[in-house]
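# An overview of the molecular structure
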Amino acid sequence: MEITVRDIYTLQSLKTNMDLIAGKDGLDRVVTSVSVMEVPDFADGSLVAGLFVLTTLYNFSKDEKQMVEIVRKLAKNQVSGIVIKINRFIDKIPSSVIEEADKHHLPLFHMEGLLFSNMISVITSEIISNEFNKIKTANEYYQEIFLALLNGEKITSFTKKIGKRLGYSCACVSEKGRAVAQYFTEDFDKTRIREDYYDRLYLKILQAADEQSKESSVLRFDDSYVFPCRLKKGLLGYFVLWSVNELTEYEILLSQQMKNFLSMKFMEEYAIQADQRRRVSAVLDEILFGKHNKLDTIKERLYLLGFKENKAYRVLLFSISEKENQWGMELLLRNTQMQFQGSVAYFIMEGFVVICPTSEDSAATTGGSKKFKTHVREAMKRLQLDCKVGCSTKQSDLRKISECLNQAKQALSYGNAFDTQETVYCYENFSEISAISYMLGTDGETRIYKTIIDPIMEYDRSYNQQLWITLVECLSSNTLEAASKALHIHPSTLRYRLQNIYNITGYDFFNNIGKYVLNTAYILYKLTY
């Protein structure tokens with residue numbers, strides 16, 4: 001739908017007076033406007049891409065090198081073609097000028113017998129007529145899809161219409177990374193659209209939105225042109241089409257119209273989903289916060305939400321860092337639900353809660369914990385999300401969902417305190433820490449602070465020592481040699497410090513009971529701070 005140099009060349013009113021002498025490979029260049037070049041600095045500034053240039057080479061007629069240079073400059077400015085009028089100031093176009101035009105695949109014509117004013121009138125009329133036809137076609141397409149929308153046609157119908165009209169493969173993708181509709185041309189390689197293709201493209205859109213101060217109406221990633229469907233600051237979905245060539249203004253216009261209608265469809269779905277989320281949240285709030293304690297009632301409520309009961313279940317708490325947005329969380333939520341079929345999930349302030357049925361026995365096992373961690377790590381790696389996950393023990397009694405949620409919260413809390421390198425924390429891996437946590441706020445905690453923690457801290461402040469840091473490193477390392485290396489001190493210095501701890505507290509690190517008490521003091525301190 002664009003006017004090209006080939007179109008201009010084949011116009012009956014021009015063809016008999018124009019001869020193509022170079023740049024035949026560039027005949028499909030798009031012509032956007034036409035102008036006469038008769039000043040020496042014409043090509044020194046930036047010109048409009050697609051400009052069709054008419055000239056007599058008056059200012060360069062006596063210098064062949066200058067003729068070659070002006071052709072080079074025009075090619076650099078991405079003009080669409082050059083027409084040189086002969087038998088006015090030059091009789092013949094030098095071969096060096098022809099070679100330069102061929103070098104840049106720039107169409108070069110010689111012409112005689114026509115006035116520039118007539119040529120400008122003919123070419124401008126063609127451009128204006130073409131622009132009018134584009135607007136007319138775009139309006140017809142607008143009416144076509146508008147009527148289709150009113151008649152309740154499916155998105156697959158819209159997608160096929162625009163794909164055929166433009167001649168490109170394209171797809172409509174929902175907020176959850178699901179391809180709602182796809183249209184592929186015969187030469188398109190469908191194998192590139194792998195299972196996680198749309199998810200990865202979705203994340204690129206989110207990243208691009210974060211990096212740009214102004215949200216762009218079209219984004220390009222290699223040969224993918226993406227038109228995001230936005231609602232306020234959120235993303236409803238997107239329309240994508242694939243083209244190795246630069247899209248024309250006309251193609252972008254039609255694609256944006258498709259995006260607008262797609263947004264209307266997505267808004268309908270969004271309203272329905274928002275209502276569903278509210279109902280899910282209301283039901284789960286009742287279950288999690290003890291408003292229902294009858295097993296049959298809980299089962300009924302969960303069944304209505306799509307929960308598929310199994311031998312046991314786990315409650316997961318996904319805590320997303322502040323830099324992740326709602327749509328990144330949606331992707332992770334959906335991926336988790338795909339791995340744990342029949343699960344129920346909903347958002348809370350810190351992230352989202354997922355109740356996952358499992359076929360494993362309800363007894364907590366290390367193997368089950370490792371298997372779950374592997375599943376979640378794979379999802380996070382695939383989505384490249386910064387995420388922490390707390391996981392309850394396996395449980396068979398659905399009346400204990402609230403208790404399991406507390407376990408997931410505690411697992412996150414313990415993990416963040418004692419193992420910051422990990423991302424997935426299972427409650428059963430913190431049984432010792434959980435048991436010690438019951439000492440918080442008791443006389444036992446007060447005694448440990450008075451007899452161990454406070455005296456060591458006071459000694460460090462008074463004598464500028466590092467007894468507490470040394471104790472923590474020794475408790476965290478497998479051997480004393482490893483601890484001394486981490487602290488950059490000699491093993492004998494480390495033993496001297498441990499002896500000082502014994503002298504201050506009365507608890508010997510090299511005695512089983514003494515080490516256990518000192519480790520308890522360390523855990524209480526971490527739980528407190």
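Note: the structure precedes this text.
Residues numbered from 1 in each chain as written. Predicted model: local features only at pLDDT ≥ 70, side-chain atom pairs only at ≥ 80, totals over all residues. Heavy atoms only, no water.

## Remarks on a nonpolar patch on the surface
A grouping of Tyr 142, Phe 146, Leu 147 and Leu 150 is seen on the molecular surface, where their side chains present a nonpolar patch of about 380 Å² in accessible area. Mapping Phe 146 onto the fold places it in helix H5 (residues 116-150). (Patch = residues over 30% accessible without salt bridge, like charges linked within 9 Å, V, L, I, M, F, W, Y side chains within 5 Å. Areas by Shrake-Rupley, 256 points an atom, 1.4 Å probe, with all protein chains shown as cover. Salt bridge = Lys/Arg side-chain N within 4 Å of Asp/Glu carboxyl O. Helix = DSSP H or I, 4+ residues; strand = E, 2+ residues; numbered from the N terminus.)

## Side note on the packing of aromatic side chains
Under the definition given, this model contains 16 aromatic pairs. For the pair Phe 418 and Tyr 522, a centre-to-centre distance of 6.0 Å together with 85° between the ring planes defines the contact as edge-to-face. Taken together, the positions of Phe 418 in helix H12 (residues 401-418) and Tyr 522 in helix H18 (residues 512-528) put the pair 104 residues apart, joining distant regions of the chain. What makes Phe 418 partly exposed here is its relative accessible area of 23%. Chaining the aromatic ring pairs together yields one cluster made of Phe 184, Phe 188, Tyr 197, Tyr 198 and Trp 242. (Phe/Tyr/Trp six-rings, centres within 6.5 Å; stacked < 30°, edge-to-face > 60°. Buried < 20%, exposed > 50% of the residue type's maximum accessible area, 1.4 Å probe, protein only.)

## A word on the sheet that holds strand S2 (residues 33-37)
Spatial strand order, S1-S5-S4-S3-S2: five strands in an open sheet with mixed pairing. Bordering the open sheet on either side are strand S1 (18-22) and S2, each of which pairs with just one other strand. Here the strands of the sheet are splayed against their neighbours by 25° on average, with no regard to which way each runs. As defined by bridge partners, strand S3 (residues 51-55) adjoins strand S4 (residues 81-85) across four bridges and the pair is classed as parallel. Of the residues in S4, the one forming a bridge with Phe 52 is Gly 81. This element, helix H4 (residues 95-103), spans S1 and strand S5 (108-111) of the sheet and lies at about 75° to S1. (Pairing = 2+ DSSP bridges. Axes fitted to C-alpha atoms, helices over the stretch in contact; angles between N-to-C directions. Contact = heavy atoms within 4.5 Å.)

## Some thoughts on the nonpolar core
Counting 54 residues, the largest nonpolar core has Leu 284, Leu 302 and Ile 401 as its most contacted members. Leu 284 has contacts with Leu 302, Leu 305, Val 344, Ala 345, Tyr 346 and Ile 355, leaving out every residue within four places of it along the chain. Core analysis: the next-biggest nonpolar cluster, separate from the first, contains 27 residues, Ala 138, Ala 181, Tyr 225 and Leu 254 among them. (Core = buried A, V, L, I, M, F, W, Y, C linked by side-chain atoms within 4.5 Å.)

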